[in-house]
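Here's the letter readout for the chains.
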Amino acid sequence: MDRQGGHLETAAAGEGGCILRLGGRLDAYTVADLWPRALKVLETHRETPVQLDAGEVTYCDGAGVALILDLLRRPRTPPVTLVNVPDKVQRLLDPFDAAALAAPPPPRAPRQGVRRRLGEAIQGLGQGLHAQVTFIGEATAALVHALLHPRQVRWGDAVLIARRAGADALPIVGLIALLLGVILAFQSAVAMKQFGAEIFVANLVALSLLRELGPLMTAILLAGRSASAFAAEIGTMKVNEELDALTTMGLDPLRFLVVTRILAALLVTPLLTLFANLVGLAGAAMVLLTFDIPLVTFVNQVSQSVSLTDLAGGLVKATVFGLLVAGVGCLRGLQTRTGAAAVGEATTRAVVSAIVLIVAVDGVFAVIYFHLGI
Amino acid sequence: MPADPSHTGPVIQVQDLTLGFGGRPLLEGLNFDVHAGEVFVLLGGSGSGKSTLLKHMIGLYEPLAGEVRIGGEVLTGSEGAARRRILRRFGVMYQSGALFGSMTLLENVRLPLEAYTRLSREAMDLVARLKLQLVGLAGFEHHMPAEISGGMQKRAAIARAMALDPGILFLDEPSAGLDPVTSADLDRLILRLKDILGMTFVVVTHELPSIFTIADRVIMLDRETRGIIARGAPAQLRDHAEHPWVRRFFNREATEAA
Ligand SMILES: Nc1ncnc2c1ncn2[C@@H]1O[C@H](COP(=O)(O)OP(=O)(O)O)[C@@H](O)[C@H]1O
Ligand SMILES: [Mg+2]
């Protein structure tokens, strides 16, 4: 008999019954082997009495207690009886009621039918829409208030956020813009070369960058970098009850957190877009140099082919994108539920919603600009 | 019944331990032993370094100097299998509870069992249920940590720390945020586990009634002198401590230092 291990023996008793002897050390490691063997004994003596003899148990902890209780809780007639319990084991068993353990723990929420869940989903959609409209209204009011009372805006925070969302984004925006300009120029130059029209690559790249790709790409990068950051920051504050603290201090989270972020985004998006446009054009110029088009010719061609309206139209679009990205980031942050996982969820939702919004609004802009003849 | 019959002597030995952050010592030259089967309480004003000392005792932080031995084996600087063997000897309840937010309470308590034992799923569930029942959380098995109160989270964290029935349990402010009745239940639980299983406890707590109920010995840390200003049994400190702060603490007078 191993002193460090646990052991289990069976012996016959009267009336076809059986004595199940548990002994030795019963802990989380030893009961792993004993448990299935003990259940097997109960299985083979389904209708005859079983006595559980714990007389030889030398050490028993929570796992041993669990084993004993598991044998006792099985609903069977006659039930398992426990004999020869050492005093120490009995005191460990005392707090538990084997009969109460026969039932599984109550489930958290009763399973709902499909209709109920569908109804709740639709209701959730409605509530989400309601929350968004409310947010847009409140945020607009807060922004207007901020513009009317610029002294009340926390400009220090806004500048800090602008630096994180803007200046810190320059490397990645520059990299993607350069790549975009190079690829765009190279692909079209190869095709145009067949017609000896490489020079018109400048028109193509300048127009598409300034009107579409510059603003769009900047906004998508802003969504990835800053909408997520805003949602995570505000979401974490919500989880930590910091938003509640602000509210009870009489500070409106909307003015305190959202306005600064939206102002920062409004400030940096046009600048970032301008930067992206320039770097993209530089990339295109580099490619065209290899097609024997000198820099002077390229600059000349660009300045003839695009107008200030093209540039301004793109920048206006970018500013609206910035507003949307910051707004939806903050909204998802404010909508965070409780728990650590909720922050991750809010971040994901912020990025996805921001990109969907950007694409949709870009379509709207295309229609408006077309009718305005821009 | 000590957890490891082959080791006699103190289960935890703290030797010349100096700890701090960024090279600046917070506590210097600490020396104390924790004996098998006792409840050892760490006291001190807030910010005196109780949690930090606890985290050094469980090997989470490396000290600036000195070492910590658990069951005779050096934890400080240990690695690999040797370290894992030492880690398995104790359970920890962190000050914030540190439950995994994406798992139910039952799953939280079951996790150590899944990692270290070969029990069947059903058996693990039962062990986890019993642990939750012990801390008064029967019926909350399928709740997420975010859905229960802070006090309940602490109790669930204790249940998780006890999942493997370790020989040593470290508890960082277990009764903070609990109502007096639940807090007294917790004290009774600690005493029962100490009595029946011979478990050793290292507890950070400020609750005077709790200290007088459970503590065999206490040490009191001081931020000013960066050391231990008092040690001994609670009753002895109440009546005979030299340091005025210690006497005031045990006689429950309001102090400016707390
Ligand atoms: N990770 C850390 N880095 C730097 N300083 C810390 C860190 N954790 C705690 N401290 C500092 O150590 C001191 C003691 O903290 P702590 O151990 O949490 O105190 P308490 O006794 O209240 O549990 C505090 O002054 C705290 O600022
Ligand atoms: Mg602490």
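Details of the structure are given in the entry above.
Computed from a predicted structure; not experimentally measured. (Residues numbered from 1 in each chain as written. Chains lettered and ligands numbered in written order. Predicted model: local features only at pLDDT ≥ 70, side-chain atom pairs only at ≥ 80, totals over all residues. Heavy atoms only, no water.)

As for the sheet that holds strand β7 (residues 168–172) of chain B
Residues and elements named next belong to chain B. Ordered in space as β6-β7-β8-β3-β9-β10, the six strands form an open sheet in which the pairing is mixed. Edge positions in the sheet fall to β6 (90–93) and β10 (227–232), since each of these pairs with one other strand and no more. The mean inter-strand angle of the sheet, taken between neighbouring strand axes irrespective of direction, is 15°. The pairing of strand β3 (residues 39–44) with strand β9 (residues 217–222) spans five bridges and is parallel. By the bridge assignment, glycine 44 is partnered in β9 with leucine 221. Sitting on the sheet, helix α1 (residues 50–57) is in contact with β3, β7, β8 (200–204) and β9, with an inclination near 140° to β3. Running over the sheet, helix α5 (residues 150–161) touches β6 and β7 and is turned about 170° from β6. (Pairing = 2+ DSSP bridges. Helix = DSSP H or I, 4+ residues; strand = E, 2+ residues; numbered from the N terminus. Axes fitted to C-alpha atoms, helices over the stretch in contact; angles between N-to-C directions. Contact = heavy atoms within 4.5 Å.)

Points about the sheet that holds strand β1 (residues 6–12) of chain A
All names here are of chain A. In space, the four strands of this open sheet follow the order β1-β2-β3-β4, with mixed pairing throughout. Looking at the sheet topology across the chains shown, the edges are occupied by β1 and β4 (81–83). Put simply, the sheet's adjacent strands are angled 25° from each other on average, direction ignored. The pairing of β1 with strand β2 (residues 18–26) spans seven bridges and is classified as antiparallel. Counted as the bridge partner of glutamate 9 is arginine 21 from β2.

Focus: helix α11 (residues 295–305) of chain A
Residues and elements named next belong to chain A. Within α11, the full set of buried residues consists of Phe298, Gln301 and Val302. Projection of α11 onto a plane perpendicular to its axis shows the buried side chains occupying an angular sector of 100°, all on one side. Within α11, the exposed residues directed more than 90 degrees away from the buried face are Val296 and Gln304. (Buried < 20%, exposed > 50% of the residue type's maximum accessible area, 1.4 Å probe, protein only. Arc of directions from axis to C-beta.)

Some details on the packing of helix α8 (residues 201–239) of chain A against helix α10 (residues 253–290) of chain A
All names here are of chain A. As a packed pair, α8 and α10 sit with axes 8 Å apart at the nearest point and diverge in direction by 145°. In the crossing of α8 with α10, the sense of the turn from one axis to the other is right-handed. Tallied by class, residues from the contact of α8 with α10 come to 18 nonpolar, six polar and two charged. (Left-handed = near helix turned anticlockwise from the far one by under 90°. Nonpolar A, V, L, I, M, F, W, Y, C, P; charged D, E, K, R; others polar.)

Considering the interface of chain B and chain A
At the junction of the two partners, chain B supplies 30 residues and chain A supplies 35 residues. Both sides together, the interface formed by chain B and chain A hides about 2,900 Å², and carbon and sulfur atoms give 63% of it. Our count for the chain B to chain A interface comes out at three salt bridges. Across the salt bridge formed by Asp33(A) and Arg118(B), the nearest N and O atoms sit 3.4 Å from each other. In this assembly, chain B and chain A are joined by six residue pairs in polar contact (both at pLDDT 80 or more). Every element with two or more residues in the side of chain B that touches chain A is listed here: α4 (121–134) and α6 (180–197) of chain B. Looking at the side of chain B that touches chain A element by element, the count peaks at nine residues for α4(B). Here the residues of the side of chain B that touches chain A are counted per class, giving 15 nonpolar, five polar and 10 charged. (Buried area = accessible area lost by both parts, 1.4 Å probe. Salt bridge = Lys/Arg side-chain N within 4 Å of Asp/Glu carboxyl O. Polar contact = N/O pair within 3.5 Å; in protein donor to acceptor, adjacent residues only side chain to side chain.)

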